[in-house]
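One letter stands for each residue in the lines below.
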Amino acid sequence: MPLFGLEELSLSYGLNHYSIDGPLRSIASALSLDDSALESLGRYVGREVLEVSYRVDIASSPLLFNWSIRGERTDFSWLDPMEKVVLERLLLEYGVDKEPLVRGAWAGHYASIYLIADPGISCILTLNMQTAYALYKYSNTVLRDYWKRLVGARRPLAFGATWFTEVQGGSDLGANQTIAESLGSGLWSLTGYKYFASAAGIADVALVTARPRGSRPGAKGLSLFSVPRVFDGKLNYRVTRLKWKSGTRAVPTGEVELLGSRAYMLGEQDKGIYYVMEDLMVSRIANSAGAVGIARKAYLEAFLYSLIRRAFGKKLIDHELVKRDLLLMEADIEASLALSMKAATLFESSWQDRPPYTSKYHYARLVTHIAKNITAETSSRVTAAAMELLGGLGFLQEFPIERWHREAMITPIWEGTSNIQALDMLEAMRKKRAHLELLRDAERAASEGYDKGFASKLLGHLVEEVKKLGSMSPELVEFYSKDSLRTIGSILATIELERLASIADERFHDVAMAYYEYFVKGRLPDRPREEVLWDIISLRGLLAEYGNRI
Ligand SMILES: Cc1cc2nc3c(=O)[nH]c(=O)nc-3n(C[C@H](O)[C@H](O)[C@H](O)COP(=O)(O)OP(=O)(O)OC[C@H]3O[C@@H](n4cnc5c(N)ncnc54)[C@H](O)[C@@H]3O)c2cc1C
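Residues numbered from 1 in each chain as written. Predicted model: local features only at pLDDT ≥ 70, side-chain atom pairs only at ≥ 80, totals over all residues. Heavy atoms only, no water.

Caption draft 1: How the structure looks around the domain arrangement of the protein. When cut into domains, the protein gives domain 1 (160-270) and domain 2 (274-543). When each unit is reduced to the centre of its C-alpha atoms, the spacing between domain 1 and domain 2 is 33 Å. At the junction of the two partners, domain 1 supplies 15 residues and domain 2 supplies ten residues. Roughly 980 Å² of surface becomes buried between domain 1 and domain 2 when both sides are summed, with 63% attributable to carbon and sulfur atoms. Counting the contacts that link domain 1 with domain 2 gives zero salt bridges. Across the domain 1-domain 2 interface, the total number found is three residue pairs in polar contact (both at pLDDT 80 or more). Its residues assigned to classes, the side of domain 1 that touches domain 2 shows five nonpolar, seven polar and three charged. (Domains from an automatic or database assignment. Contact = heavy atoms within 4.5 Å. Buried area = accessible area lost by both parts, 1.4 Å probe. Salt bridge = Lys/Arg side-chain N within 4 Å of Asp/Glu carboxyl O. Polar contact = N/O pair within 3.5 Å; in protein donor to acceptor, adjacent residues only side chain to side chain. Nonpolar A, V, L, I, M, F, W, Y, C, P; charged D, E, K, R; others polar.)

Caption draft 2: Structural view of the side chain of His461. Mapped onto the fold, His461 is located in helix H14 (residues 452-470). Judged by relative accessible area, His461 falls into the buried class, the value being 13%. A polar atom in the side chain of His461 sits 2.9 Å from the side chain of Tyr516. Leaving out residues up to four positions away in the same chain, His461 has contacts with Thr487, Ile491, Tyr516, Val520 and Lys521. (Helix = DSSP H or I, 4+ residues; strand = E, 2+ residues; numbered from the N terminus. Buried < 20%, exposed > 50% of the residue type's maximum accessible area, 1.4 Å probe, protein only.)

Caption draft 3: Looking closely at unusual backbone geometry. A cis amide bond, omega 0°, links Arg155 with the succeeding residue Pro156. With respect to the helices and strands, Pro156 occurs in the loop between helix H7 (147-150) and strand E3 (160-163). One non-glycine residue, Glu415, lies in the positive phi region at around 60°. With respect to the helices, strands and loops of the structure, Glu415 is situated in the loop between helix H11 (400-408) and helix H12 (418-430).

Caption draft 4: Representation of the pairing of strand E7 (residues 223-228) within the structure. Burial analysis of E7 places six of its six residues in the buried class, the great majority of the element. Along E7, one buried face is formed by Ser223, Phe225 and Val227 and the opposite face, lined by Leu224, Ser226 and Pro228, is buried too. Where strand E6 (residues 205-212) and E7 come together, six bridges link them in antiparallel fashion. Counted as the bridge partner of Ala210 is Ser223 from E7. (Pairing = 2+ DSSP bridges.)

Caption draft 5: Quick look at the layout of surface pockets. The space that makes up the largest pocket amounts to roughly 1400 Å³. What lines the largest pocket is a set of 43 residues, among which Gly170, Ser171, Leu173, Leu280 and Arg284 lie closest to the centre. The set of elements that each furnish at least two residues to the lining of the largest pocket consists of helix H6 (119-138), strand E5 (187-198), helix H8 (272-308), helix H10 (359-389) and H12. No other element matches H8, which puts five residues into the lining of the largest pocket. Taken together, the residues that form the lining of the largest pocket break down as 19 nonpolar, twelve polar and twelve charged. When we break the lining of the largest pocket down by domain, the ones giving at least three residues each are domain 1 (160-270) and domain 2 (274-543). Reported here for the second largest pocket is a volume of approximately 440 Å³. Taken together, 20 residues make up the lining of the second largest pocket; nearest its centre are Asp34, Ala37, Glu99, Arg103 and Gly108. For the lining of the second largest pocket, the elements supplying multiple residues, two or more each, are helix H2 (35-59), helix H4 (98-103), helix H5 (107-116) and helix H9 (320-348). Among the elements that line the lining of the second largest pocket, the one with the most residues is H5, at four residues. (1 Å grid on protein atoms, 1.4 Å probe; cavity = no way out; pocket = protein on both sides within 12 Å on 5 of 7 lines; lining within 4 Å. Points joined across faces, edges and corners; volume = space filled by probe spheres on them.)

Caption draft 6: View of empty space enclosed by the protein. Applying the stated criterion to the full structure yields two cavities of 30 Å³ or more. Its boundaries defined by the atoms lining it, the largest cavity holds a volume of some 140 Å³. Around the largest cavity, the lining comprises 17 residues; the ones closest to its centre are Ser122, Cys123, Ala286, Asn287 and Trp414. At the level of elements, H6 and H8 are the ones that each hand at least two residues to the lining of the largest cavity. Partitioning the lining of the largest cavity into residue classes produces nine nonpolar, seven polar and one charged. For the second largest cavity, the calculated volume is near 50 Å³. If you trace the second largest cavity, you find it lined by Lys342, Tyr363, Asp441, Ala442, Ala445, Leu492, Ile495 and Glu496.

Okay, here's the thing in structure tokens:
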């Protein structure tokens, strides 16, 4: 009987979450990711990260302290000590954030976020990545080299944040009212109130949007600033409260009051919205990978439970309807994983772009909007189905499965809601003509597809869907945009699975067929032969590692 483990509550606890995940391993091999780094991270996330994030969620959320023992304003968020250890190890030892800016290698970073999955922990890692990214690309001030501390390339480790949302609007950043006044010598003073501020009380430096006095209204009058927590030895802003949240509890999300806070402008004045959109690509792809990671964690619990729970004289897994549920969940996960890694690789080849940007960058942004919505829907759907497969236990807070569904619910909201992604997809197509690159690339991918006939059918369907959007009136196009995104995204994901079937593992072809039938055509796929079905739902690897526990 374990004294300190989570074995009694979670079936996936203690497994190596990388080595059991055949689909991820195949994709990692196709992308030449560092297999041994992911293997060692997989072991860590299956144990400490799982246990600590579960514990933090139910019993140990961050606490805000406004005053120090010396009677000074301090506004720090106290994290659970084990959460601090996890964050330090992920950043310093496992180097989750290090490679992108050091070697331009983004795909491995996003595969790590998928493995970590917990959106509270991942949020903190992503805020560091976003802050480092903006400082690396656009800072010319004393803070320029600070990115190294944020990604764990230099000690001591530091934490970042991105504070854009205000009480009057998160989607509509053009409504931002925070004012920036120049103090000369590159220094600015910011006054305003940031209404959703993750990493409040732990961030050493934050990216903040504000409007320089005299700049035009709307998004194009915004500039982006870096704001250190402490300036001239004094606390540079106030954290007024932490919010009560139904998930992501590992990250303190608060409200921040800027009271003449000292700040440095990033890049050029009035170009802030471009830098914000770039920075949001960093986090939207993380959100996509993380959303699928959440679905994967829930799937692991559900699949393993189906091996041990009996009903009507046989194991759940031996019931045809359970096999159907698992097949659809797995196809959903793999399609979303393929799409999020596609967005990651496109970003990897365009992240150095700057305004006014090349068509490559606009295409990467288009796929990012699409991946964000598709994966968020997968996350909500799969976690709900997994809860149901655990029956009554799925609904209890005593077991981690319920948490995964709560955590999934943030993924369509933050980093821009699903409606905003759909509208941004339209903008990328209409104004930047990004669909042209999308169609060219899809044609290339389809020509590499495993089943040429199927791949060309997919391509035809994609062209038809894009044409349909182009022929609609402005009103109608907006009305249907989220549904079009869903169709375009699901076809793209199927094309990507077909490509993976030809370059990585032909098993992806069976997954692609099932996914296309159910999620694009809306009908139940043919039931695969038993060995094929079993091969899909058991992930090639999971049973090998789990088997000795049954
Ligand atoms: C846990 C958590 C942490 C967060 N952390 C941060 C952070 O660190 N930094 C930060 O800046 N923000 C943060 N946010 C804020 C988050 O990004 C916003 O909540 C989100 O972008 C939506 O903005 P809003 O809440 O103002 O909703 P609104 O913009 O008011 O939107 C409300 C609804 O209207 C819809 N809507 C809005 N405009 C349109 C339109 N044109 N067409 C159709 N539908 C529309 C939206 O889709 C949404 O469903 C966080 C939020 C949460 C929940």
